[in-house]
Amino acid sequence: MKKLFLSMIVLATMFACTAPEKKAETTAANPEDTETGSFVSIDDKTAKFKELLEAAMKNDTAAYRTVLVDTLVTEDALAENVDSLNKIKTSHANLDALLKSDSYLHTLYDDIAMTTEKGQIKTFTFADGRVVSGYWGIWTGTGKFTKKVTRVPLHMIAWWEGDKVVKFFRMFDPASLKGEIAASQAK
């Protein structure tokens, strides 16, 4: 019985050693699916994106320029910013326009912060070579005019070309921002 058992183990080992190695499927079931790829949460681009968020919290426009191109296009996905073809309109046609707009937030709010918890920033590399970083977090600030603490879910996507962001997409509910703007105009 021992010889039979030993022979079975040797035979099983031989089959295991000669069996073809199975690799994880790395391509889409449909090669035309360009929306497939991989994502990571710790890489150079997620680190740069986090630095960009930290710069926005401090209104550090010089840091913006290290990550964003001068010809940056920004789209803010707001209800009033959708055209008749259901496309989001360009909000800022270049980096200077975005800097002016984001700096304006600091005239309306104190204590601006964005969460940067584990998993809130990811970089996606698509099968066709596109690279984007995404952010899902919470923007907070204390209104200088209303004195209200605002907490707004914020979603952003940044399209990369090399080490620079060339396009930026943001989605958030602007209700509290509009309220703070109205309060600033009333005083």
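What comes next is a walk through the structure.

Reading the values: rules and limits
Counting from 1, residues in each chain are numbered in the order their sequence is written. The model is predicted, so local features are restricted to residues of pLDDT at least 70 and side-chain atom pairs to those at 80 or more, both for listing and for counting; the totals for chains, interfaces and linings are taken over all residues. Each side-chain value is worked out from all heavy atoms of the structure, with water and hydrogens disregarded. By the criteria applied, helices consist of DSSP H or I runs no shorter than four residues and strands consist of E runs no shorter than two, each listed in order from the N terminus. When accessible area is computed with a 1.4 Å probe and restricted to protein chains, residues below 20% of their type maximum are described as buried, those above 50% as exposed, and intermediate ones as partly exposed. To estimate how far a helix should extend, the number of its residues minus one is multiplied by 1.5 Å. Directions pointing from the helix axis toward each C-beta atom define the arc. Two residues qualify as a contact provided that any one of their heavy atoms is within 4.5 Å of a heavy atom in the partner residue. An axis is simply a line fitted to the C-alpha atoms; with a helix, the fit covers only the stretch in contact. Between two such axes, the angle follows the N-to-C directions and lies from 0 to 180 degrees. Working rule for handedness: look at the near helix, and if it is turned counterclockwise from the far one by less than a right angle, call the crossing left-handed; if clockwise, right-handed. Under the convention adopted here, Pro, Cys and the residues Ala, Val, Leu, Ile, Met, Phe, Trp and Tyr are nonpolar, Asp, Glu, Lys and Arg are charged, and Gly plus all remaining residues are polar.

**Digging into the environment of Asp60**
Point 1. Secondary-structure assignment places Asp60 in the loop between helix H2 (44–58) and helix H3 (61–67).
Point 2. Overall, Asp60 belongs to the partly exposed group, its relative accessible area being 30%.
Point 3. Residues Asp60 and Leu99, spaced 39 residues apart in sequence, show a C-alpha to C-alpha distance of 9.4 Å.

**Comments concerning helix H5 (residues 175–186)**
Point 1. An ideal rise of 1.5 Å per residue puts 16 Å on 12 residues; H5 measures up with 17 Å between its terminal C-alpha atoms.
Point 2. When we look at burial in H5, the residues that qualify are Glu180, Ala183 and Ser184. Down the axis, H5 shows its buried residues gathered within 100° of arc, on one side only. Relative to its buried face, H5 has exposed residues pointing more than 90 degrees away, namely Gln185 and Ala186.
Point 3. As for H5, its buried residues are in contact with helix H4 (95–108), strand E4 (109–114) and strand E6 (131–143).

**Here's the deal with the packing of H4 against H5**
Axes are the key here: two packed helices are described by the angle between their axes and the distance separating the axes.
Point 1. Contact pair H4 / H5: the axes reach a minimum separation of 11 Å and the direction vectors enclose 65°. Seen from above, H4 lies across H5 with left-handed handedness. Across the interface between the two elements, Tyr104, Leu105 and Leu108 of H4 pack against Leu177, Glu180, Ile181, Ser184 and Gln185 of H5.
Point 2. When grouped by side-chain class, the residues that make up the contact of H4 with H5 number 5 nonpolar, 2 polar and 1 charged.

Just distances and angles here, no functional claims.
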